[in-house]
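Inside the fold
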Amino acid sequence: MSLIDIRDVSFSYTRQRKTLHDVNLTLEKGRSLGIVGESGSGKTTLLRLLLGLNIPTTGKIRFEGRRLDLGNREFMRRFRSGVQAVFQDPYSSLDPRQRVFDIIAEPLRSLGIKGDRKTAVLQALTAVGLTADAAERYPHEFSGGQRQRIAIARAIVSRPDVILADEVVSALDLSTRIRIVELLKELSRTTTFVLVSHDLSLVSSLCEDVIILEKGRIVESGKTRTILANPSHDYTRALLASIPRMPNRSGIAAS
Ligand SMILES: Nc1ncnc2c1ncn2[C@@H]1O[C@H](COP(=O)(O)OP(=O)(O)OP(=O)(O)O)[C@@H](O)[C@H]1O
């Protein structure tokens, strides 16, 4: 069974204009999916639908075979424990008044997950490459890359099946960005990612599958390797041509 299934989904913010047109996609466990497209193509909107933050105007979204039903508490609890998110800006996504421990433990609290929270938080910190003493500090004491690690720790602490990641490295400098991509790659061995990005090179290093969005429509979809090797749509060719060259990874300082 697929983790998430989207059938014939359209979405409009206003009556005048459709933002997403007849989107179909399937997320399989263990096959991370990239959502690529230029600014304004509808990537974040699609992610918001996947998170249940917006409701499709038409069409259906299913999680583990069951229709996304915001009114069903038992289903939504399972959905929220199965799907977590990381956003672009590590400065605004962490509550400055909370200690890192409380930030990372928040999903455990809100989902009512019982057990040893301290151990779970420390394991999450270790998994993202931070030391235990980080738990007692506040977000302002950390760099942008470290803050993104904290946001990722919060997303993995409840051991979700899926992490939705929206432009998670685009606010970071290049060396930090490469470190975080390495971390995401490692985590993608055990967690399925939906990675929104305007950057095909990032998606190609992390995602088995990709969809290309143009003006709210999927214009190409399939295995990332196949699509990059043989793009069939002009828009994909243009995106590919615009990929910046990645620098050599050696000699990059830790973030
Ligand atoms: N709350 C909103 N109300 C009305 N229109 C919106 C709203 N949010 C987004 N839009 C419009 O929907 C379209 C898709 O926006 P969306 O943010 O999903 O694109 P995107 O591909 O994520 O862009 P970017 O890469 O710049 O973040 C855009 O035309 C945008 O102006």
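Residues numbered from 1 in each chain as written. Predicted model: local features only at pLDDT ≥ 70, side-chain atom pairs only at ≥ 80, totals over all residues.

This is how it is decided: UniProt positions are given in the numbering used here, feature names are shortened, and annotations may be inferred rather than shown by experiment.
The name an unreviewed UniProt entry assigns to the protein chain is Peptide/nickel transport system ATP-binding protein, from the organism Aliirhizobium cellulosilyticum. Of the comments in the UniProt record for the protein chain, the one headed Sequence similarities (unreviewed entry) reads "Belongs to the ABC transporter superfamily." The Subcellular location (unreviewed entry) comment attached to the protein chain in UniProt states, word for word, "Cell inner membrane".

Some thoughts on the sheet that holds strand 8 (residues 192-197)
Note the following rule: Here the rule is simple: two strands pair whenever DSSP picks up at least two bridges between them. Counting from the N terminus, the helices are DSSP H or I runs at least four residues long and the strands are E runs at least two residues long. Think of each axis as a best-fit line through the C-alpha atoms, taken over the contacting stretch in the case of a helix, with angles from 0 to 180 degrees between the N-to-C directions. For every residue pair, C-beta atoms are placed from the backbone, and the pair is scored as a contact if these atoms sit within 7 Å.
Spatially, 6-7-8-3-9-10 is the arrangement adopted by the six strands of the open sheet, whose pairing is mixed. Here the strands that pair on one side only, and so sit at the sheet edges, are strand 6 (83-86) and strand 10 (217-223). On average, each strand axis in the sheet is tilted by 15° relative to the strand beside it, whichever way the strands run. As paired strands, strand 7 (residues 162-166) and strand 8 are joined by five bridges and run parallel to one another. Looking at strand 8, one finds that Ile 163 is bridged to Phe 193. Each of strand 3 (33-36), strand 9 (209-214) and strand 10 touches helix 9 (residues 234-241); the most contacted strand, strand 9, lies at about 105° to it.

Overview of the UniProt feature "domain: ABC transporter" (unreviewed entry) in the protein chain
Within this structure's numbering, the places UniProt gives as "domain: ABC transporter" (unreviewed entry) are residues 4-240. Overall, residues 4-240 shows 37% helix and 24% strand. The separation of its end C-alpha atoms is 27 Å.

Focus: the nonpolar core
So the rule is basically this: The nonpolar core is taken to be a set of buried Ala, Val, Leu, Ile, Met, Phe, Trp, Tyr and Cys residues joined by way of C-beta atoms within 7 Å. Residue burial is a threshold on neighbouring C-beta atoms within 10 Å of the residue's own C-beta, all placed from the backbone, with 20 or more meaning buried, 12 or fewer meaning exposed, and counts in between meaning partly exposed.
Within the largest apolar cluster, 67 residues are counted, with the highest numbers of intra-cluster contacts made by Ile 104, Leu 125, Ala 153, Leu 164, Ala 165 and Val 194. Considering every element that reaches this core, the biggest residue donor is helix 5 (residues 144-156), with six residues. With sequence-adjacent residues up to four places away left out, Val 194 is seen in contact with Leu 27, Leu 33, Ile 35, Leu 47, Leu 50, Val 162, Leu 164 and Ala 165.

Details of the site of the ligand
The condition that has to hold: Each residue receives a C-beta atom placed from its backbone. It is near a molecule or strand if this atom lies within 6 Å of it. Here the nonpolar group is Ala, Val, Leu, Ile, Met, Phe, Trp, Tyr, Cys and Pro; Asp, Glu, Lys and Arg are the charged ones; every other residue, Gly included, is treated as polar.
Lining the immediate surroundings of the ligand are Tyr 13, Thr 14, Thr 19, Gly 37, Ser 39, Gly 40, Ser 41, Gly 42, Lys 43, Thr 44, Thr 45 and His 198. When the residues that make up the shell around the ligand are grouped by side-chain class, the tally is one nonpolar, ten polar and one charged.

Here's the deal with the sheet that holds strand 5 (residues 66-67)
The strand order across the open sheet built from four strands is 2-1-4-5, with neighbouring strands paired in antiparallel fashion. Two strands bound the open sheet, and with one partner strand each, they are strand 2 (20-27) and strand 5. Where strand 1 (residues 4-11) lies against strand 2, five bridges are found, and the strand directions are antiparallel. Its bridge partner being in strand 2, Ile 4 is matched across the sheet by Leu 27. The sheet strands contacting helix 1 (residues 43-50) are strand 1, strand 2 and strand 4 (58-63), and the helix crosses strand 1 at an angle near 125°.

Description of the packing of helix 3 (residues 100-110) against helix 4 (residues 117-127)
In plain terms, the rule: Each angle is binned into one of four classes, with values under 35 degrees roughly parallel, values over 145 roughly antiparallel, values of 65 to 115 roughly perpendicular, and all other values oblique. Handedness of a helix crossing follows the sense of rotation of the near helix relative to the far helix, less than a right angle counterclockwise being left-handed and clockwise being right-handed.
Remark: helix 3 packs on helix 4, axes separated minimally by 10 Å, with the N-to-C direction vectors making an angle of 115°. Taken together, the axis directions place helix 3 and helix 4 in an arrangement best described as roughly perpendicular. Taken as a pair, helix 3 and helix 4 cross one another with a handedness that is right-handed. On helix 4, the residues that touch Phe 101, Ile 104, Ala 105 and Leu 108 of helix 3 are Arg 117, Ala 120, Val 121, Ala 124 and Leu 125. Grouping the amino acids of the contact of helix 3 with helix 4 by side-chain chemistry returns eight nonpolar, no polar and one charged.

A few points about the pairing of strand 1
Looking at chain direction, strand 1 and strand 4 are connected through five bridges and run antiparallel. From the neighbouring strand, Ser 10 faces strand 4, where its bridge partner is Thr 58.

Concerning helix 4
Stated formally: Along the arc lie the directions from the helix axis toward the C-beta atoms.
Within helix 4 the residues assigned to the buried category are Val 121, Leu 122, Ala 124 and Leu 125. For helix 4, the arc enclosing every buried residue in end-on projection is 160°, short of the 170-degree limit, so these residues lie on one face. The outward face of helix 4, more than 90 degrees from its buried face, is lined by the exposed residues Thr 119 and Thr 126. Contacts made by the buried residues of helix 4 are with helix 3 and helix 5.

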